[in-house]
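# A closer look at the structure
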Amino acid sequence: MDRILWIFLGIAGLLILLKLAYALSTALVLPRTRGAMFVATSRRMIQAILEELSLSPSSRVVDLGCGDGRFLRAVWQRYRVRAVGYEINPFAWALSRILNALFRVPAEVRFGDFMQADLSGYDLIFCYLFPDVLPRLAEKIRREARPGTLIVSANFPFPGLKPKKILRLEDPIYFYRL
């Protein structure tokens, strides 16, 4: 019985430490994210997006604000595309790298602000970002992305861009083609 109690206390302690690390990590990046927090894209939403895509292993895919990297892993598992993710939250960045290594997914997760990234080389730009970020990002995409680039935004529309398609699940998914 003592052993079970120690295991339980160890797991509880680890969960508390993880929650504290997440809270501290989120607090550290608040000035850069303006309050946006890591919110995972649902598996159902990711599956619906993947059903709409036609990618080859040579496709270039980027996930802006990749969180725990679940979209990166799903694109690898379905299409064998080695995608790139950007994440500014140190906790989410570390989590995505650990999970990608655990599942042997060769996605690259870059720690940093995607607003500093060059978006010109991608065929697909995916994001699940809060609306306050989207006007600046829409300008950046219009400046940098190539004609024909597919942009997918979960939950929120890009201002000034006309969606080619809108899927409605629990939340809308917007598809744009430049």
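Relevant structure appears above.
My aim in this report is to walk through the structure given alongside it, one point at a time.

### Points about the pattern of salt bridges
Applying the stated rule across the entire model yields eight salt bridges. For arginine 142, the salt bridge goes to glutamate 139, with nearest N and O atoms at 2.9 Å. On the criterion of helical spacing, the pair formed by arginine 142 and glutamate 139 is a turn pair, its members being three residues apart in helix α5 (residues 134–144). Lysine 140 is the partner of glutamate 144 in a salt bridge, and the nearest nitrogen-oxygen pair spans 2.7 Å. With glutamate 144 and lysine 140 both in helix α5 and four residues apart, this pair spans about one turn of that helix. The exposure class of lysine 140 is buried, given its relative accessible area of 2%.

### Side note on the sheet that holds strand β7 (residues 172–177)
An order of β3-β2-β1-β4-β5-β7-β6 is seen for the seven strands of this open sheet, with the pairing classed as mixed. With partners counted over all chains shown, the strands left at the sheet margins are β3 (108–111) and β6 (165–168), one partner each. Taking the axes of each pair of neighbouring strands and ignoring which way they run, one obtains an average angle of 15 degrees across the sheet. One ladder, built from four bridges, connects β6 with β7; its direction is antiparallel. Across the sheet, residue isoleucine 166 finds its bridge partner in β7, namely tyrosine 174. In the packing of helix α3 (residues 70–79) onto the sheet, contacts are made with β1 (61–64), β2 (84–87), β3 and β4 (124–127), and the angle to β1 comes to roughly 160 degrees. Sitting on the sheet, α5 is in contact with β1, β4 and β5 (150–154), with an inclination near 175 degrees to β4.

### Details of the packing of aromatic side chains
Here the distance between the centres and the angle between the planes together describe a pair of aromatic rings. A complete count under the given rule lists four aromatic pairs for this structure. Taking the centre distance of 4.0 Å and the plane angle of 15 degrees together, the rings of phenylalanine 71 and phenylalanine 126 count as stacked. Of this pair, phenylalanine 71 sits in helix α3 while phenylalanine 126 sits in strand β4; the two residues are 55 residues apart in sequence, bridging distant segments of the chain. For the pair phenylalanine 71 and phenylalanine 126, one class covers both residues: buried. When the ring centre of tyrosine 122 is taken as origin, the NZ or CZ atom of arginine 60, which lies over that ring, is 4.7 Å away.

### Re the environment of arginine 104
Within the secondary structure, arginine 104 is located in the loop between α4 (90–102) and β3. Take arginine 104: its relative accessible area is 72%, and that puts it in the exposed class. Linking arginine 104 and tryptophan 76, residues 28 residues apart in sequence, is a C-alpha distance of 9.9 Å.

### Here we look at helix α2 (residues 43–52)
Because each turn of an α-helix spans 3.6 residues, side chains separated by three or four positions in sequence point in the same direction. The complete set of buried residues in α2 reads Met45, Ile46, Ala48, Ile49 and Leu50. In the core, the buried residues of α2 are packed alongside α3, β4, β5, β6 and β7.

### Notes on the environment of arginine 110
Assignment of secondary structure puts arginine 110 in strand β3. The contacts of arginine 110, once residues within four sequence positions are left out, are Val84, Gly85, Tyr86, Glu87, Trp93 and Tyr122. At 2.7 Å, the side chain of arginine 110 and the side chain of glutamate 108 are in polar contact.

Definitions and limits used
Residues numbered from 1 in each chain as written. Predicted model: local features only at pLDDT ≥ 70, side-chain atom pairs only at ≥ 80, totals over all residues. Heavy atoms only, no water. Salt bridge = Lys/Arg side-chain N within 4 Å of Asp/Glu carboxyl O. Helix = DSSP H or I, 4+ residues; strand = E, 2+ residues; numbered from the N terminus. Buried < 20%, exposed > 50% of the residue type's maximum accessible area, 1.4 Å probe, protein only. Pairing = 2+ DSSP bridges. Axes fitted to C-alpha atoms, helices over the stretch in contact; angles between N-to-C directions. Contact = heavy atoms within 4.5 Å. Phe/Tyr/Trp six-rings, centres within 6.5 Å; stacked < 30°, edge-to-face > 60°. Lys NZ or Arg CZ within 6 Å of the ring centre and 35° of its normal. Polar contact = N/O pair within 3.5 Å; in protein donor to acceptor, adjacent residues only side chain to side chain.

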